Amino acid sequence: MNQKAESVKGFWIWLVILFIALVLYGLPGNVKEKISSTVRLVFFSPFLWVNSQYNIMENNFALYIRTERELARAKMELNELIEAKIENQRLRKLLDFEEKSDYVIILAEVVGIGTGRYPSGLIINKGTDDGIKQDMPVITPDGVVGKVRSVGSTSSVVQILLDPALKISVLDQRSRVKGILDSPDGKTIIMDQVPQGE
């Protein structure tokens, strides 16, 4: 009985579909177009919406990637500008220092850190070709750094004040007291051998 009801139901469904198809076939072209566009809109609009959301997400992701790249590039440019500003300030200070000095000044750049015999030394990019001699003082606008320990033709090793082997005779500008500048531990600098009562 159940199978017979199913077949009757199927027959009626086919009959309704056939009737609708015949009615649609007999309609004028512009009405058919309106009906088909409405049916497409009803059945396909969820898929179209999902597709449009996907396109929006894809565009936003591409914009995000492009923005991240531009931000990274801007950060690099900012770092370069900061470095250039620091270098500019340092060079201005050196030029001002050179103008105020009564001595011949040879500008040098630190290109390395000494190893081996002089672990607390610096390597500079000037040597005998530039007029550098052993035991010459090495100074900056902020004060004494040390002295030239050894000289090559194009580079030199500077023994810095923190080297325990370096001892320099100094004069305190305010009190006019004389002493020996020393770094016994390689970390701090002290004024030693100050005369009694000074």
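Note: the structure precedes this text.
Right, let's walk through the structure included here. (Residues numbered from 1 in each chain as written. Predicted model: local features only at pLDDT ≥ 70, side-chain atom pairs only at ≥ 80, totals over all residues. Heavy atoms only, no water.)

1. Examining the sheet that holds strand 8 (residues 190-192)
Okay, so step 1: Reading across from one edge, 6-7-8 is the order of the 3 strands in this open sheet, with antiparallel pairing throughout. Only two strands of the sheet have a single neighbouring strand rather than two, namely strand 6 (168-171) and strand 8. In this sheet, adjacent strand axes meet at a mean angle of 50° when their direction is disregarded.
Okay, so step 2: Both strand 7 (residues 178-182) and strand 8 contribute to a ladder of 3 bridges, which runs antiparallel. (Pairing = 2+ DSSP bridges. Helix = DSSP H or I, 4+ residues; strand = E, 2+ residues; numbered from the N terminus. Axes fitted to C-alpha atoms, helices over the stretch in contact; angles between N-to-C directions.)

2. Topic: the pairing of strand 7
Okay, so step 1: Across 4 bridges, strand 6 lies against strand 7 in antiparallel orientation. The partner of Val170 across the bridge, within strand 7, is Gly179.
Okay, so step 2: As consecutive antiparallel partners, strand 6 and strand 7 are separated by 6 residues, and within that stretch Arg176 has a phi angle of approximately 65°, a positive value.

3. Looking at the pattern of salt bridges
Okay, so step 1: Tallying each qualifying case throughout the model produces 2 salt bridges.
Okay, so step 2: Among the ionic pairs, Lys147 bridges to Asp135, the shortest N-O distance being 3.3 Å. Of this pair, Lys147 sits in strand 4 (residues 143-151) while Asp135 is found in the loop between strand 2 (121-124) and strand 3 (137-140), placing the two residues 12 residues apart along the sequence.
Okay, so step 3: The partly exposed category is assigned to Lys147, whose relative accessible area is 24%.
Okay, so step 4: In this structure, Asp182 and Lys167 form a salt bridge, with 2.9 Å as the shortest nitrogen-oxygen distance. On the criterion of sequence distance, the pair formed by Asp182 in strand 7 and Lys167 in the loop between strand 5 (156-160) and strand 6 is long-range, its members being 15 residues apart.
Okay, so step 5: Judged by relative accessible area, which is 9%, Asp182 ranks as buried. (Salt bridge = Lys/Arg side-chain N within 4 Å of Asp/Glu carboxyl O. Buried < 20%, exposed > 50% of the residue type's maximum accessible area, 1.4 Å probe, protein only.)

That's the geometry; what it means functionally is another story.
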